[in-house]
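Working through the structure, step by step
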Amino acid sequence: MTTNFENDQFHLSEEEMKRLEKWFGYGAFREADIVFFGNEEGLGGYPIEAVRARTRVYGKNSDTWLGEDWENGYWDESGHTGYKLLGEVTNEIRAEKGLAPHNKKEGNPRSTMLDFQARLLLALEQPEYDWFALKDGKKDEETTNKWKEKYERIQTLYDKDHKIKAALMDWRPLPRQDENTWPYQLDQNEYLKAFKPGKRYLKKIQSAIETDNLDGLNEYGKMVVARTKLLKRVIEQFDFPVIVASGDPDAKENLFKLIFADGGITFEEKTLSNGKRYKKAVVYVGNRELTILLSLFFDYRSNCLGRDGLKDLYNKELVPLFN
């Protein structure tokens, strides 16, 4: 399988594609108190060359391999240092292509996903302050300092030196700049459809996982099986007590039903004070109890969770877990 970038300027090798598919997330997985779960990884504000850069930067540290080599799955825990290195390697690749360097300001892009995660983590660490009411534009000293603190937390969300340690996993393995960009030499619709299977295809995927028989699955179905097995291993290998998934709760429910097909899992649908719904399940993994929360997208739009919904989810579900 190869990957075709914009303007046919270069292709990814099979090994580079495999490196993308075997990566599962960022952060302090060994020490994580909370793991966020998204749909797919973005490029952090970097241009398309960052896709190849990821294959050069991530997966080199054997301490972040699930097994004896990166092909068993790997994550990145280099934090903001790794993020800056990714930008440097991205520009090296652009230079190889005769392109000007990409200049961007220090730090991650403005993202409501990251903003909401930072608010949750800061609220868990400093519950005496209302991090969900914090707004930009106020000129008093406390607000200015808290806004700066939130911004700084966004830069280091998954670093190990915080009191509440976090990590991030993603469902789909191939990163892209945004939903309007598709650089891969794959059928985008088939890929997205496979990772959001309907009931009939879901049963087919589940059967393939249970029997370890991939006959009858195309390359996209095989990717779903491989991803499901990888995420299952992550959940079993590390001891984090809670997963907070953002976006499309129904599709995420199907995913976790695949992961926990052998023991079963049941989600209860609940409603927040702003009328937004979410789903919750509690399942035993080995000797630990794992809480899984499936929310709407971490965003301010009307069809998303909203800041009021985030605060209510924190109060109803996370405060009892961490107290």
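Residues numbered from 1 in each chain as written. Predicted model: local features only at pLDDT ≥ 70, side-chain atom pairs only at ≥ 80, totals over all residues. Heavy atoms only, no water.

What follows covers unusual backbone geometry. Even without a glycine there, the phi angle at D212 is positive, about 60°. On the secondary structure map, D212 appears in the loop between α7 (199-211) and α8 (219-237). Residue D248 is not a glycine yet carries a positive backbone phi of 50°. Note that D248 resides in the loop between β7 (242-246) and α9 (249-259). (Helix = DSSP H or I, 4+ residues; strand = E, 2+ residues; numbered from the N terminus.)

Here the focus is the environment of Y191. With respect to the helices and strands, the residue Y191 is situated in helix α6 (residues 188-194). Residue Y191 is classed as buried on the basis of its relative accessible area of 0%. Each C-alpha atom of the pair Y191 and M17 lies 14 Å from the other, and the pair is 174 residues apart in sequence. Excluding residues that lie within four positions of it along the chain, Y191 makes contacts with R172, P173, L174, W182, Y220 and M223. (Buried < 20%, exposed > 50% of the residue type's maximum accessible area, 1.4 Å probe, protein only. Contact = heavy atoms within 4.5 Å.)

The final tally for this structure, using the stated rule, is 29 salt bridges. Across the salt bridge formed by K229 and D212, the nearest N and O atoms sit 2.6 Å from each other. Taken as a pair, K229 in helix α8 and D212 in the loop between α7 and α8 lie far apart in primary sequence, 17 residues in all. Look at K229 and you get partly exposed, because its relative accessible area is 34%. For D212, a relative accessible area of 56% gives the class exposed. In this structure, K270 engages E317 in a salt bridge whose closest nitrogen and oxygen atoms are separated by 3.5 Å. Note that K270 is positioned in strand β8 (residues 268-271) and E317 in helix α10 (residues 306-322), a separation of 47 residues in sequence. Judged by relative accessible area, K270 falls into the partly exposed class, the value being 24%. Note on E317: relative accessible area 5%, which makes it buried. (Salt bridge = Lys/Arg side-chain N within 4 Å of Asp/Glu carboxyl O.)

Read these as layout, nothing more, since geometry by itself doesn't imply function.
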